[in-house]
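# Close look at the chain arrangement
Below, each chain spelled out in residue letters.
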Amino acid sequence: MSVLQNIRVVLVNTAHPGNIGASARAMKNMGLNQIILVQPKDFPSGVAIGRAASATDILESAVVVDSLQEAVADCGLVICASARSRKIPWPMLDPQQTAQKVVEEMDYTKIALVFGREDSGLSNEELQLGHFHVQIPAEEKYSSLNLAAAVLVICYEIRKVASEKNTHTQGQDTELWDQEFATGDQVEHFYRHLEQVMIDIKFHDPSNPRQLMQRIRRLFGRIRLDVMELNILRGILTNIEQSMKRKKN
Ligand code: SAH
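Nothing here was measured: the structure is a model prediction, and the numbers come from that model.

### Section: unusual backbone geometry
At the junction of F43 and P44, the peptide bond is cis and its omega measures out at 0° in the coordinates. Its location among the elements puts P44 in the loop between β2 (34-38) and α2 (46-52). Phi at K202 takes a positive value of approximately 65°, unusual for a residue other than glycine. Mapping K202 onto the fold places it in the loop between α8 (184-200) and α9 (212-223). Here R224, not a glycine, exhibits a phi torsion of approximately 55°, which is positive. Secondary-structure assignment places R224 in the loop between α9 and α10 (227-248). A relative accessible area of 8% means that R224 is categorised as buried.

### Here we look at the site of the ligand
Contacts to the ligand come from 20 residues, most closely from A81, R84, I136, S143 and L145. Between the ligand and the protein, one listed contact pairs a nitrogen atom with a backbone N or O atom of S82 at 3.5 Å. Here an oxygen atom of the ligand and a backbone polar atom of G116 are 3.0 Å apart. The fraction of the free accessible surface of the ligand (540 Å²) that becomes covered by protein chains is 93%. The residue makeup of the shell around the ligand, split by class, is 8 nonpolar, 7 polar and 5 charged.

### Quick notes on the packing of aromatic side chains
Under the counting rule described, the total for this entry stands at 2 aromatic pairs. Here F190 and Y191 contribute two aromatic rings whose centre-to-centre distance is 5.9 Å and whose plane-to-plane angle is 40°, an arrangement assigned as tilted. With respect to burial, F190 and Y191 carry one shared label: buried. Grouped by ring-pair contacts, the aromatic residues F190, Y191 and F220 constitute a single cluster. Note that R224 overlies the ring of F181, its terminal NZ or CZ placed 4.1 Å from the centroid.

### A look at a nonpolar patch on the surface
A grouping of I201, F203, M228, I232, I236 and I240 is seen on the molecular surface, where their side chains present a nonpolar patch of about 560 Å² in accessible area. Here I232 shows up in helix α10.

### Some remarks on α9
The terminal C-alpha atoms of α9, which comprises 12 residues, lie 17 Å apart, in line with the 16 Å expected from a rise of 1.5 Å per residue. Contacts made by the buried residues of α9 are with α8 and α10.

### Structural notes on the packing of α8 against α9
Put simply, α8 and α9 touch, their axes get as near as 11 Å, and they point 135° apart. Taken together, the axes of α8 and α9 are oblique relative to one another. The crossing of α8 and α9 is right-handed. For the pair α8 and α9, the contacting residues are E188, F190, Y191, L194, E195 and M198 in the first and L212, M213, I216, R217, F220 and G221 in the second. Here the residues of the contact of α8 with α9 are counted per class, giving 8 nonpolar, 1 polar and 3 charged.

### Things to note about the packing of α8 against α10
Running from N to C, α8 and α10 cross one another at 25°; their axes reach a closest spacing of 10 Å. In terms of axis orientation, α8 runs roughly parallel to α10. Viewed along their axes, α8 and α10 form a crossing whose handedness is left-handed. Here Q186, V187, H189, F190, H193, L194, V197 and D200 of α8 lie close against α10, whose contacting residues are V227, L230, L233, R234, L237, T238, I240, E241 and M244. For the contact of α8 with α10, the residue count by class is 10 nonpolar, 4 polar and 3 charged.

### With respect to the environment of I236
Inspection of the secondary structure puts I236 in helix α10. Relative accessible area serves as the criterion here: at 43%, I236 is assigned to the partly exposed category. Between the C-alpha atoms of I236 and R8, which are 228 residues apart in sequence, the distance is 33 Å.

Calculation criteria
Residues numbered from 1 in each chain as written. Predicted model: local features only at pLDDT ≥ 70, side-chain atom pairs only at ≥ 80, totals over all residues. Heavy atoms only, no water. Helix = DSSP H or I, 4+ residues; strand = E, 2+ residues; numbered from the N terminus. Buried < 20%, exposed > 50% of the residue type's maximum accessible area, 1.4 Å probe, protein only. Near = heavy atom within 4 Å. Polar contact = N/O pair within 3.5 Å; in protein donor to acceptor, adjacent residues only side chain to side chain. Areas by Shrake-Rupley, 256 points an atom, 1.4 Å probe, with all protein chains shown as cover. Nonpolar A, V, L, I, M, F, W, Y, C, P; charged D, E, K, R; others polar. Phe/Tyr/Trp six-rings, centres within 6.5 Å; stacked < 30°, edge-to-face > 60°. Lys NZ or Arg CZ within 6 Å of the ring centre and 35° of its normal. Patch = residues over 30% accessible without salt bridge, like charges linked within 9 Å, V, L, I, M, F, W, Y side chains within 5 Å. Salt bridge = Lys/Arg side-chain N within 4 Å of Asp/Glu carboxyl O. Expected span 1.5 Å × (residues − 1). Contact = heavy atoms within 4.5 Å. Axes fitted to C-alpha atoms, helices over the stretch in contact; angles between N-to-C directions. Parallel < 35°, antiparallel > 145°, perpendicular 65-115°, else oblique. Left-handed = near helix turned anticlockwise from the far one by under 90°.

Here's what the structure looks like:
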């Protein structure tokens, strides 16, 4: 099976460089090769190199960025791994469903698998950047896996489904959708535009936001906007702005 090219693993704010190395090793074992590190606490690091064993090439090509938003800016599918469920429930997948979704879409769009900090996982804000959350089923009283172990479980499931696909669907036309999915960056611009218009029309009060933007993110995350749909919505927002300006004048 060839390398799973369009899939990246994103590690957020990792404290222990050994976990970065062990994650790189797990990825290479399973045929993934792109890692993005969001503000790692200690990287580059000899400890990471030691734990990566023969996967140091993945560490050498690791990209380091400042925010999760930056790490997923060009991705059309973002899946956040989380041991806990949060305040607002989010669309959830188990590892196998995650693998199925990833393998269905990996030929059409870039995909991010996002993993959180060793001590506190991912913040609510970071989790909201995911279209889906994945939880690895584990003991209720001790469900938090070591970071690299969590990376391994998800990558293993993806490899399993990808190799099944290789044997079952060769030569079949598996065209998924007539338009490309909007990327993280495009959708962020849309949210900002929508938020501004909602403020202008006095629907949204930023000093008393409640959970409006969170719910909007979940709504559009569930729909998975494609580029055409996104352009239609941006066009509507622009027209609302123009007609408000005309009224004022
Ligand atoms: N104590 C943290 C867990 C941190 S473990 C918390 O409660 O959120 C570090 C990372 O490994 C997590 O952020 C998550 O991305 C991943 N992880 C660990 N256990 C997991 C599980 N059971 N399911 C999904 N992801 C898990």
